[in-house]
Amino acid sequence: MKLAGAKRQTLFLTGINAVVRALGLTMRVWMSRLLGPEIMGVIELAQSVHMVAITPLTSGLPVAISRLTARADEHSRQRALASGLWLVRKASLLLVPLLWLFSPLIARWMGDVRVLPSLWFTAPCILILGYSAAYNGYCYGLERSDLPALSELIEQLLRFTLTLLLLHCLKHLTPSWLAAVPVVATMTAEFIGLCYVLRSLTIAKADLRPSTAWTKAVFRLSAPATLTRLMQTVLRSLTAIMIPLRLQASGLSVAEATAQLGMLNGMVMPILMLPGIFTSALSMVIVPRMAKAEEKPSELGRLLRMCLYSAVPVSGICALLVFTISPVLANAVYRQAELTELFRRCALQIVLFPVNHLIASTLSALGQQRRSLYVSSITATATLGLTWLGAGSPAWRINGIIFAQYAGQLLSIVLGGLVLIAWRMERKR
């Protein structure tokens, strides 16, 4: 793919991602106003389990299939997809029943049984999203990133519409079932989005027979990346569970602690992640090109510099904008005045997220998943420890959580950068 083609694809994906994120943000704002911080906290607790449940099949698999497809010849490209789908089916046979079986125990362990209905509807998402991840990775490897993007747009439109309709029609449900409505809408939308991708791709059934060699290759590449993302997801989930408990230990009530979680993770963080619209689009387009140029360090360096020079200024402008208009976001958008200071204190993270994303994507493209796992292990441990200390301190509370987030992001960037430097020095020998 030429550079002009990469730019066009990046702009196209950025536009699609912008619409997807705008719909998601609008839905969150609407739900925050309708349901309030406490039920939003319940939704965040359920979302933390949802992310852990789907991570084994949605994190490392797309990257592995994309890399193998991009480097394979025309006649064997489908082998990586076939092997990935076989792994999804086998894993789902174990994961889906396990989540259904242990949902009551998980709900009690989280300290809020209101998450139970959400967990029940999360289980089918494992298989659906696993299939979507495999097909998306195949599309990225073929440099047909338009299909996953359009599928995501369809999913988000349906999720938005279904959530609004269901909450409007079923507004007298108990809080636990109201919190499960977004999960039901997500499950339905994901299935329809997968059907769109299947209908758009033309692959002969004979080409979807897995082989032992390709299955081993997919597993070998996806396992470290999956463990890395799983660790990050488990960290976020443990943090979401730990924050209310530690805030209660600092002197807040259960309702106050859950509301604090809802404000930070359910209201502030979606705004901070908005620059990911551009960064994720850039990664989708550039990662297959990096995989193809693995033997050309100078070309890889040029691609990485291009990504950073594009993403950092955009995220910097976004950080300044969020800091400046934080009173508007707090009062006019969310109608929660106390969010103003939270937005200001968290704004600088907007610059750190894209840099971290690009470094992680580069490591995956270069097959450095094992080293990336080490980086994530160190970062996760440090962030979790700092969050535990900060959230439980009466003097720090939510400020301690924010400090832990900054420290974790900076540590991840430094360690990831050192891994890239080490890889380049090895290539020069």
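Numbering of residues starts from 1 in each chain and follows the order in which that chain's sequence is written. For this predicted model, a pLDDT threshold of at least 70 governs which residues receive local features, and a threshold of 80 or more governs which side-chain atom pairs are given and counted, while totals over whole chains, interfaces and linings are taken from all residues. Note: side-chain values were computed over all heavy atoms of the structure, leaving out hydrogens and water.

Caption draft 1: The arrangement of a nonpolar patch on the surface in detail. A cluster of nonpolar side chains, Leu94, Leu98, Leu101, Phe102 and Leu105, forms an exposed patch at the surface whose accessible area comes to about 480 Å². Helix and strand assignments come from DSSP, with helices taken as H or I runs of at least 4 residues and strands as E runs of at least 2, each series counted from the N terminus. Its place among the elements puts Leu105 in helix 3 (residues 77-110). By definition, no residue in a patch forms a salt bridge, and every one has over 30% relative accessible area; like charges are joined within 9 Å, nonpolar side chains (Val, Leu, Ile, Met, Phe, Trp, Tyr) within 5 Å. Surface exposure here means Shrake-Rupley accessible area, sampled with a 1.4 Å probe, where a residue is shielded only by the protein chains that are shown. Between Lys or Arg on one side and Asp or Glu on the other, a salt bridge is scored when a side-chain nitrogen of the former is within 4 Å of a carboxyl oxygen of the latter.

Caption draft 2: Focus on the confidence of the model for the protein chain. Confidence of the prediction at every residue is given by pLDDT, a number between 0 and 100. Confidence along the protein chain averages 82 in pLDDT terms, with 91% of residues attaining 70 or more. Here helix 9 (residues 276-292) stands out as the element of the protein chain with the lowest mean pLDDT, 67, in contrast to helix 12 (residues 339-346), whose mean of 92 is the highest.

Caption draft 3: Layout of the pattern of salt bridges. Taken as a whole, this structure holds two salt bridges when the rule is applied. Residues Glu341 and Arg344 are paired through a salt bridge, measuring 3.3 Å at the closest nitrogen-oxygen approach. Of this pair, Glu341 and Arg344 are both found in helix 12, three residues apart, which corresponds to roughly one turn of the helix. Each residue gets one of three labels from its accessible area relative to the maximum for its type: buried under 20%, exposed over 50%, partly exposed in between, using a 1.4 Å probe on protein chains only. Under the relative-accessibility criterion, Glu341 is labelled partly exposed at 36%. In this structure, Arg345 and Glu341 form a salt bridge, with 4.0 Å as the shortest nitrogen-oxygen distance.

Caption draft 4: Geometry of the nonpolar core. Buried Ala, Val, Leu, Ile, Met, Phe, Trp, Tyr and Cys residues form a nonpolar core when they are joined through side-chain atoms within 4.5 Å. The biggest cluster of nonpolar side chains holds 105 residues, and the ones touching the most others in it are Val115, Tyr135, Leu201, Tyr334, Leu339 and Phe343. Top contributing element to this core by residue count: helix 1 (residues 3-58), with 16 residues.

Caption draft 5: Broad picture of the packing of helix 5 (residues 146-169) against helix 6 (residues 175-200). To get an axis, fit a line to the C-alpha atoms, keeping to the stretch in contact for a helix; angles then go from 0 to 180 degrees between the N-to-C directions. Direction vectors running N to C along helix 5 and helix 6 enclose 150 degrees, while the axes themselves pass 8 Å from each other. Taken together, the axes of helix 5 and helix 6 are roughly antiparallel relative to one another. Relative to helix 6, helix 5 is oriented so that their crossing is right-handed. Three categories are distinguished: nonpolar for Ala, Val, Leu, Ile, Met, Phe, Trp, Tyr, Cys and Pro, charged for Asp, Glu, Lys and Arg, and polar for the others, with Gly belonging to the last. Each residue belonging to the contact of helix 5 with helix 6 can be placed in one class, and the counts come to 17 nonpolar, six polar and three charged. Working definition: roughly parallel below 35 degrees, roughly antiparallel above 145 degrees, roughly perpendicular at 65 to 115 degrees, and oblique for all remaining angles. Should the near helix be turned counterclockwise from the far one by less than a right angle, the crossing is left-handed, whereas a clockwise turn marks it as right-handed.

Caption draft 6: Region of the structure containing helix 5. Take the number of residues in a helix, subtract one, and multiply by 1.5 Å to get its expected span. The end-to-end C-alpha distance of helix 5, which contains 24 residues, comes to 34 Å, matching closely the 34 Å that a straight helix rising 1.5 Å per residue would cover. Those residues of helix 5 not exposed but buried are Leu147, Pro148, Ala149, Ser151, Leu153, Glu155, Gln156, Arg159, Phe160, Thr163 and Leu167.

Caption draft 7: Quick look at the environment of Pro210. On the secondary structure map, Pro210 appears in the loop between helix 6 and helix 7 (212-249). Along the backbone, Pro210 and Ala80 are 130 residues apart, and their C-alpha atoms lie at a distance of 7.9 Å. The contact criterion used throughout is that any non-hydrogen atoms of two residues lie within 4.5 Å. Excluding anything up to four places from it in sequence, Pro210 contacts Ala82, Ser83, Trp86 and Thr215.

Caption draft 8: Geometry of the packing of helix 3 against helix 4 (residues 116-141). In the contact formed by helix 3 and helix 4, the axes pass within 9 Å of each other and the chain directions differ by 170 degrees. As summarised for this structure, helix 3 and helix 4 are arranged roughly antiparallel, according to the angle between their axes. When the residues that make up the contact of helix 3 with helix 4 are grouped by side-chain class, the tally is 21 nonpolar, five polar and two charged.

Caption draft 9: Representation of unusual backbone geometry within the structure. Here Arg335, not a glycine, exhibits a phi torsion of approximately 60 degrees, which is positive. As for its position among the elements, Arg335 is in the loop between helix 11 (326-333) and helix 12. In this structure, Arg397 takes a positive phi of about 50 degrees despite not being glycine. Relative to the elements of secondary structure, Arg397 occurs in the loop between helix 14 (369-391) and helix 15 (398-428). Since its relative accessible area comes to 27%, Arg397 is described here as partly exposed.

Caption draft 10: Structural detail: the packing of aromatic side chains. To pair, rings of Phe, Tyr and Trp, with the six-membered ring standing in for Trp, must have centres within 6.5 Å; the planes then decide the type, stacked if under 30 degrees apart, edge-to-face if over 60, and tilted in the middle. Applying the stated rule across the entire model yields four aromatic pairs. Note on Trp120 and Trp177: the rings are 6.3 Å apart at their centroids and 50 degrees apart in plane angle, and the pair reads as tilted. A residue pair is termed long-range when its members are at least 10 positions apart, and Trp120 in helix 4 and Trp177 in helix 6 qualify at 57 residues. Judged by relative accessible area, Trp177 falls into the partly exposed class, the value being 35%. Relative to Trp177, the ring of Phe121 has its centre 6.4 Å away and its plane inclined at 75 degrees; by these criteria the two rings are edge-to-face. You can see Phe121 sitting in helix 4 and its partner Trp177 sitting in helix 6, a full 56 residues away along the chain. The structure contains a cluster of three or more aromatic residues connected by ring pairs, namely Trp120, Phe121 and Trp177.

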